Amino acid sequence: MALPIMSTDNLHLFYGKKEALKGINLDFQEKGITALIGPSGCGKSTFLRCLNRMNDLIDDVTITGNVMFKNQNVYAPDTDIVALRKEVGMVFQQPNPFPFSIYENVIYGLRLAGVRDKQVLDEAVERSLRQAAIWDEVKDDLHKNALALSGGQQQRVCIARVLAVSPEVLLLDEPTSALDPVSSHVIEETLLQLRYDYTVITVTHNLQQASRIADRTAFFLQGELIEVSDTKKMFMDPQKQQTQDYISGRFG
Ligand SMILES: Nc1ncnc2c1ncn2[C@@H]1O[C@H](COP(=O)(O)OP(=O)(O)OP(=O)(O)O)[C@@H](O)[C@H]1O
């Protein structure tokens, strides 16, 4: 099998004295969608945030073990965190566009990187909005404030904002849980297209969503990775009793 694009090796994370991740070993092959599932508080979001060092922003966090992105040790002291977050981008649960135009939202990262060429910016806007499956809805309103869009449209603009800087990995933390079913469906369809070009890792509470969109599913429980496998196998033939109990609704 090819080298994974991301992997964690014996990853532990403590919030103060509380151990939230207890030695996670998980590999992600390039492209496709991996869903991280498990009951509330099991460490899914904490794990996701470790992959692009978002936990660095939280006080009193201790992390041991390794996270590798390609050949780079994500936690090496000389890691360029801005560059890492460009390669490993993140979309949050609540759509969080900036209070600017749709166009300015999408090019935000490119502007920060010093890109000035209007043609380059225009092309990036169109490409990213198309990939986020919202171009047709907003192409005549690019200078409208992004906050005037619906929640589902805002979330797709947020996805476009991440895609504009050409990441390789897209992390999503419950990207549809704040959205209505129709908007959630549109985001799911969008992710199903993005899986061909990006390595998509998404946290979800919604087991039906994991089974609809994920190629692979990882089940977490109380800070441990209990089982990871092909999604169909996970849902049809789980290998661990805890997985079976969780997916059959016996807890969580
Ligand atoms: N900033 C923080 N400070 C202290 N403890 C935290 C912090 N963030 C999370 N925790 C704790 O770490 C554990 C894992 O939380 P995490 O948010 O990763 O779980 P989760 O599986 O994503 O949960 P949910 O599905 O409810 O979002 C929980 O016990 C939580 O209370």
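All of these numbers come straight from a predicted model, not from anything done at the bench.

Conventions adopted
Residues numbered from 1 in each chain as written. Predicted model: local features only at pLDDT ≥ 70, side-chain atom pairs only at ≥ 80, totals over all residues. Helix = DSSP H or I, 4+ residues; strand = E, 2+ residues; numbered from the N terminus. Buried ≥ 20, exposed ≤ 12 C-beta atoms within 10 Å, placed from the backbone. Contact = placed C-beta atoms within 7 Å. Pairing = 2+ DSSP bridges. Near = placed C-beta within 6 Å. Nonpolar A, V, L, I, M, F, W, Y, C, P; charged D, E, K, R; others polar. pLDDT = per-residue confidence, 0-100. UniProt positions renumbered as here; feature names shortened; annotations may be inferred. Axes fitted to C-alpha atoms, helices over the stretch in contact; angles between N-to-C directions. Core = buried A, V, L, I, M, F, W, Y, C linked by C-beta atoms within 7 Å.

Visitor: Before we move on, could you go through unusual backbone geometry and cite the residues and values that matter?
Guide: Excluding glycine, a negative phi dihedral is what most residues carry, and trans is how most peptide bonds are arranged. The phi dihedral of Arg53 is positive, around 60°, even though this residue is not glycine. Structurally, Arg53 can be placed in the loop between α1 (44–50) and β4 (61–69). Classification of Arg53 by C-beta neighbours within 10 Å gives partly exposed; the count is 17. One non-glycine residue, Asp60, lies in the positive phi region at around 60°.

Visitor: Would you mind going over the environment of Met68 in detail, with residue names and values included?
Guide: Tracing the chain through its elements places Met68 in strand β4. In sequence terms Met68 and Leu57 are 11 residues apart; their C-alpha atoms lie 19 Å from each other. Not counting chain neighbours up to four residues away, the residues in contact with Met68 comprise Met6, Ser7, Asn73 and Val74.

Visitor: Before we move on, could you go through the sheet that holds β4 and cite the residues and values that matter?
Guide: Taking strand neighbours across the sheet as the criterion, the 4 strands line up as β2-β1-β4-β5 in an open arrangement whose pairing is antiparallel. In the strand order of this sheet, the two ends are held by β2 (18–28) and β5 (72–73), each with one partner. Bridge analysis of β4 against β5 gives 2 bridges, and the strand direction is antiparallel. Bridge pairing links Phe69 to Gln72 in β5.

Visitor: Provide a residue-level description of the site of the ligand, including the pertinent values.
Guide: The ligand sits among Tyr15, Ala20, Gly38, Ser40, Gly41, Cys42, Gly43, Lys44, Ser45, Thr46, Ile58 and His205. No other element matches α1, which puts 3 residues into the shell around the ligand. Looking at the shell around the ligand, its residues break down into 4 nonpolar, 7 polar and 1 charged.

Visitor: Can you explain the confidence of the model for the protein? Please cite residues and give values.
Guide: When pLDDT is averaged along the protein, the result is 95; 99% of the residues meet or exceed 70. The complex prediction reports pTM at 0.95, with the ipTM value standing at 0.97.

Visitor: Just give me the short version of the UniProt feature "domain: ABC transporter" (unreviewed entry) in the protein, but keep the residues and values in it.
Guide: Following the UniProt record, one finds the feature "domain: ABC transporter" (unreviewed entry) at residues 6–247. Across residues 6–247 one finds 37% helix and 27% strand; the C-alpha atoms that close the span lie 26 Å apart.

Visitor: Could you give me a rundown of the sheet that holds strand β10 (residues 224–230), with the residues and numbers involved?
Guide: In spatial order, the strands read β6-β7-β8-β3-β9-β10; together these 6 strands make up an open sheet with mixed pairing. Looking at which strands have only one partner, the edges of the open sheet turn out to be β6 (88–91) and β10. Strand after strand, the sheet turns through a mean of 20° between neighbouring axes, direction not considered. Helix-sheet contacts for helix α7 (residues 151–163) involve β6 and β7 (169–173), and the interaxial angle to β6 is about 170°.

Visitor: Provide a residue-level description of the nonpolar core, including the pertinent values.
Guide: The biggest cluster of nonpolar side chains holds 64 residues, and the ones touching the most others in it are Leu36, Ala160 and Leu170. Tallying contributions element by element places α7 first for this core, with 6 residues. Residues contacting Leu36, with those up to four places away along its chain left out, are Lys44, Phe47, Leu48, Ile201, Val203, Ala218 and Phe220.

Visitor: Account for the environment of Ile213, with residues named and values stated.
Guide: Along the chain, Ile213 turns up in helix α9 (residues 207–213). In this structure Ile213 comes out as buried when scored by C-beta crowding, with 21 C-beta atoms within 10 Å. Sequence separation between Ile213 and Glu126 is 87 residues; the distance between their C-alpha atoms is 25 Å. The contact partners of Ile213, leaving out residues within four places of it in the chain, are Ile33, Glu188, Leu191 and Leu192.

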